[in-house]
Amino acid sequence: MSQQAGYSPSFKRPAEIMRMRRKRARSDAGVFSSPSGQDSTRSPGQSGSSPACVRPFSPGPLFNPQNCSGGGIKRRNPFANIENTYSPKKKFVIHNDDGNAEATNSDWIKRPTEKGGETDMSTTTDFQGVLSFSATPPICTEYPADWSLKTRLLFTSPLSLSWAEQPKAQEEALGLSQHCRAQFTTLPHSLQSLVYWQHPSLPWLSLFPRINAERSFTGKSTPWAQDASLQKSLMSEWSVSLSSLYSLLKARLCPYFYLCSYQFTVLFRAAGLGGSTTITALISPTTRGLREAMKAEGIEFSLPLMKQGVDCQAADEEGGCDDDDDDDDGGLSWLKEMGVQDKIKKPDSISIQLRKEGHTVCLDHKPESVVCVEGSHTFTLINFLINCKSLVAAAGSQAGLPPTLLAPVAFRGAAMHTLKARSVNVKTQVGSVYQNISSLEITGPVLPSSLHAITALLRPSQKGNFSATLYTHTPTAVMNDLSGDKLIQMQCTTSSVDLSGCGLHPASIQQLQQPSSLGKSSLTHINMNNYSYTWKN
């Protein structure tokens, strides 16, 4: 008979199954019958003249064991096979949708292996000869800490992201309450990840970024620009807020905060973050005038991005990082050897001083001009910033407006703000077909802990598959590179600093404690594929 479509030779038809059952029944009757053939009134278990006793199934008692002279015959269990037997050694780990792992007993497990960037499910044989599989854990579960401020994030995912756009009223109340109490019972909620604190807060003005932001202030109402008493009041409240932030930072109740002026940005970090056991402050960009003013106040600082790592005070006094500076007349010694020193006009002391100053002036407003202040000198820096008149613009659209203070936790005089989120569903062409892609745009001053909290939230919700494009506030990109010797020596002891009360999720604290490996750059792309991170900078 011809085989029909879909027929498998290993499949046994019902008629063949019934024939095999009848054949097995006849063989069983022959085994349990007596030599004389009289077994019509006995059950197989009651046969006393059987040459060998039979077990019903293993394990189990022997049939008629009192008449069994040998060990008995063990009857095969037709339903037992190696696939449905239990073995306590057959355990494996499954990574759930949230990336967490749990141990489970199973007989059949899939083992994914990486082949050309794709997951290949292949079988293996264990030491017992049983086919088994295991799940490979994620390759990279974390990306480097990025201390730069972001102005915009753009996330894309094959799964919908519309749930993160507008929370319900009850979800909003719960998220704000848990944020203020620093309660993290589960993964951070969407609203918690978007919250930040700011001073001053003016609803009609966007106070971040402040560098090269004159266009955003044009045409806006600035009543303090020509009112000296109002400017004094704003600066008084700003000074109280800055002092409050530093007190929280020193007590490790605030992990970090940013001071954004119209000329530079300052990052203050608590002890234990960024590979340092002391409070650190980074200022970028700086000018020679600012460095001279800090030096006059007794603030010790360094230029960590200078190639030779010399102290900034020595650099400003001796002409930057140029080691070829000679004495006033040392550069002219070769003229004396030639005997023409009297015919050449020697430069005066003013020209020599201008040449030396040129080395430090060339650093102004460049990434290499970033300044690092450590330890107790950060407190002196706070007082310097409060009393520094050049901190506030004297003219222009930002005249009289104090710098913007940003922090992940509440402080005196601060207003709670949330990042703006907007989701869009689009179709994109992948090969010859179109696929639905969901995007989520987040704008505002994105703090380092906010970026980490958002990605931690998207990891389980998007099933470990999403990508992000990051837009960095340029002056803060260099805050990831601290290659000074002091910081390298202190990396081993940062874990001993207790930061549990700083208001951040423990996972975010763990990431920010590590020294950044991004160098002078910052993250521009983050991609998660199958719960594994890759990134570009």
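For clarity, every value in this text was computed on a predicted model and none was experimentally measured.

Asks: Describe the nonpolar core, naming the residues involved and giving the relevant values.
Replies: One finds Trp147, Leu153, Phe155, Tyr256, Tyr258 and Ile442 to be the most contacted residues of the largest nonpolar core, which totals 43 residues. Listing elements by their share of this core, those giving two or more residues are β9 (150–157), β11 (256–260), β18 (433–446), α11 (448–461), β19 (465–472), α13 (506–513) and β20 (525–529). Not counting residues within four places of it along the chain, the set of residues in contact with tyrosine 258 comprises Trp147, Leu149, Thr265, Val266, Leu267, Thr404, Leu405, Leu406, Leu447, Pro448 and Met479.

Asks: Before we move on, could you go through helix α2 (residues 169–181) and cite the residues and values that matter?
Replies: Taking 1.5 Å as the rise per residue, α2 with 13 residues should run 18 Å; its terminal C-alpha atoms sit 19 Å apart, in good agreement. Turning to α2, its buried residues are Gly175, Gln178 and His179. What you see down the axis of α2 is that its buried residues fit within an arc of 105°, all on one side. α2 presents Ala169, Gln170, Cys180 and Arg181 as exposed residues on the side facing more than 90 degrees away from its buried surface. After α2 finishes, the residue alanine 182 shows a positive phi value of roughly 55°.

Asks: How would you summarise the sheet that holds strand β10 (residues 195–199) if you had to cite specific residues and measurements?
Replies: Strand order in the open sheet formed by seven strands is β14-β13-β12-β11-β15-β10-β16, and the pairing between neighbours is antiparallel. Because the sheet does not close on itself, it has two edges, and the strands there are β14 (371–374) and β16 (415–418). The average angle at which neighbouring strand axes cross in this sheet is 25°, direction not considered. Pairing between strand β12 (residues 265–269) and strand β13 (residues 280–284): five bridges, direction antiparallel. By the bridge assignment for β13, arginine 269 is matched with threonine 280. Sheet strands touched by α2: β10 and β16. Its angle to β10, the strand with the most contacts, is close to 65°. Lying over the sheet, helix α10 (residues 377–387) contacts β11, β12, β13 and β14, oriented at roughly 120° with respect to β14.

Rules used in this analysis
- Residues numbered from 1 in each chain as written.
- Predicted model: local features only at pLDDT ≥ 70, side-chain atom pairs only at ≥ 80, totals over all residues.
- Heavy atoms only, no water.
- Core = buried A, V, L, I, M, F, W, Y, C linked by side-chain atoms within 4.5 Å.
- Buried < 20%, exposed > 50% of the residue type's maximum accessible area, 1.4 Å probe, protein only.
- Helix = DSSP H or I, 4+ residues; strand = E, 2+ residues; numbered from the N terminus.
- Contact = heavy atoms within 4.5 Å.
- Expected span 1.5 Å × (residues − 1).
- Arc of directions from axis to C-beta.
- Pairing = 2+ DSSP bridges.
- Axes fitted to C-alpha atoms, helices over the stretch in contact; angles between N-to-C directions.

None of the figures reported here should be taken as evidence of function without further support.
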